[in-house]
Amino acid sequence: MENMNTIQNALLSGIASQQLELNQLIQRLIQIRSYSGEEQEIVEYIIKKMKDFGFDEAYSDGLGSAVGRIGNGPIKILFDAHIDTVKVTESEEWQYPPFGGKIVDNKIYGRGAVDEKPAMAGFLMAGKIIKQHVGNETLPFTLYVVGSVFEEDFEGYPLMHLVKNEGITPDFVLLGEPTDLRVYRGQRGRMEINIETVGRSAHGAHNDQGINAIYKMTPVIAEIEKLDRQLPAKEPLGKGSITVTQIISRAPSLCSVPDYAQIHIDRRLTLDEDQESVLKELQEIVNKTGIDANISIPRYSGVSWKGTKFEQEAYFPTWIIEEDHPLVQAGLKTAEKVPGTSAKSGAWAFSTNGVATAGQLGIPTIGFAPGKEELSHSSREELELDDLLKAAQFYALFPFQLCEATKDK
Ligand SMILES: [Zn+2]
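In this text, all values refer to a predicted model and were calculated from it rather than measured experimentally. (Residues numbered from 1 in each chain as written. Predicted model: local features only at pLDDT ≥ 70, side-chain atom pairs only at ≥ 80, totals over all residues.)

What about the overall build of the chain?
And then number 1: Scanning the chain from N- to C-terminus turns up ten helices and 21 strands.
And then number 2: For 409 residues, the compact-globule formula gives about 22 Å, and the C-alpha radius of gyration of the chain, at 24 Å, lands near that figure.
And then number 3: Seen through its principal axes, the chain has C-alpha atoms that stretch 85 × 45 × 40 Å.
And then number 4: Counting all 409 residues of the chain, 46% fall into the buried class.
And then number 5: Taking all contacts inside the chain whose residues are at least 6 apart in sequence as the whole, residues at least 24 apart take part in 78%. (Helix = DSSP H or I, 4+ residues; strand = E, 2+ residues; numbered from the N terminus. Rg over C-alpha atoms; globule rule 2.2 N^0.38 Å. Buried ≥ 20, exposed ≤ 12 C-beta atoms within 10 Å, placed from the backbone. Contact = placed C-beta atoms within 7 Å.)

In structure tokens, the structure reads:
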């Protein structure tokens, strides 16, 4: 391979010269509405762009995600941007129409402007410039660019599908969830849990004949509230949390003693918290209150735009990779080379496709993208177009930097 600095400088200026096209790309991606499960149009658009930009392969996988490939080198790198978005609800007040892709003062507005269409625009442009400036025979890597579907409802699943069912086995993964141009190296995990109690129904006028399933649940709820305050903080991910998000009960009528109650729990997981520890902690609460209750993890199923059915348990493990890992270091070194970015690391508060790649499959994973995480899923999604340019430059340089980093080891 030519001198690395020569290549990287060519890539930096190559991307900078295409800022107008990059802006048009993000604008078009925002204009194509792509709610979870309805991504066909955007997938077809992305595949067409990959072909126009000279990717070596571009297709949609069995689930329906867009998959592109550049190069054939030994180090396999996967760039993932989920291209579905959450819905726009009627009550949301947007400054500009959410699917307009309006640009004002070098900022673009709309659903997906943060979470996370910029990454796909940047990946596409990086791929185009790499193909223009570096011949395939000299590429030390195979780069897969994935526009994954259904992440908002089933995080992790699209990449699990790719590895398990499509035979794509990356050595390293980069996620395009918003990091505000920092290198993120982990996230809190999450899980959902149901607890059910069963009682005995009776007429409300003879309530002493019944056993109230809601009353059986009450001490459990009180203990959960107490537990939330006691959960420990573990840096760099902070503390986990536990929240009762729903109560359901059943009675023969509204004038009867309920014989069934269920609570739904959202549990955010920090380091050293997993499915086993969480179920144990809840079982201890149930034992302490002396009631009989059933604890379970719900399963969700979905159908992709391609008609593919799938199912997943509502458990998404915490993951973190060490700051001194070559992947993190390659990310920080790349950030140093992109004008206007600084080499800082961090972690997400929300959950990502990394639950599958890093959490379940153990593949080293990081994140880098423009945009502020806290604007995700809000009517305030907006993106600085200069930050998008920097991210695209990062994406073009990063595979080369990563190959250098792993060569030294
Ligand atoms: Zn996202």
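Quick notes on the domain arrangement of the chain
And then number 1: Under the domain assignment used here, the chain contains domain 1 (4–187 + 318–408) and domain 2 (189–302).
And then number 2: Counting residues at the interface gives eleven residues for domain 1, matched by ten residues for domain 2.
And then number 3: Among the residues making up the side of domain 1 that touches domain 2, the classes are represented as five nonpolar, five polar and one charged. (Domains from an automatic or database assignment. Nonpolar A, V, L, I, M, F, W, Y, C, P; charged D, E, K, R; others polar.)

Describing helix α1 (residues 4–16)
And then number 1: Taking 1.5 Å per residue as the helical rise, α1 with its 13 residues ought to reach 18 Å, and the 18 Å between its terminal C-alpha atoms agrees with that figure.
And then number 2: Where α1 is concerned, the buried positions are Leu11, Leu12 and Ile15. Here the buried residues of α1 occupy an arc of 100° about the axis, which is enough to place them on one side. (Expected span 1.5 Å × (residues − 1). Arc of directions from axis to C-beta.)

Considerations on the packing of helix α6 (residues 213–230) against helix α7 (residues 275–289)
And then number 1: Between α6 and α7, whose axes approach to 9 Å, the crossing angle comes to 135°. Here α6 is positioned oblique relative to α7, judged by the angle of their axes. Our pair here, α6 against α7, has a crossing hand that is right-handed. Listed contacts from α7 to Pro219, Val220, Glu223, Ile224 and Leu227 of α6 are Glu281, Ile285, Val286, Lys288 and Thr289. (Axes fitted to C-alpha atoms, helices over the stretch in contact; angles between N-to-C directions. Parallel < 35°, antiparallel > 145°, perpendicular 65-115°, else oblique. Left-handed = near helix turned anticlockwise from the far one by under 90°.)

Here we look at the environment of arginine 250
And then number 1: Looking at where arginine 250 falls in the secondary structure, it is placed in strand β12 (residues 241–250).
And then number 2: The exposure class of arginine 250 is partly exposed, given the 14 C-beta atoms found within 10 Å.
And then number 3: Spatially, the C-alpha atom of arginine 250 lies 50 Å from that of glutamate 384, the residues being 134 residues apart in sequence.
And then number 4: Contact partners of arginine 250, with chain neighbours within four places excluded, come to Pro258, Asp259 and Tyr260.

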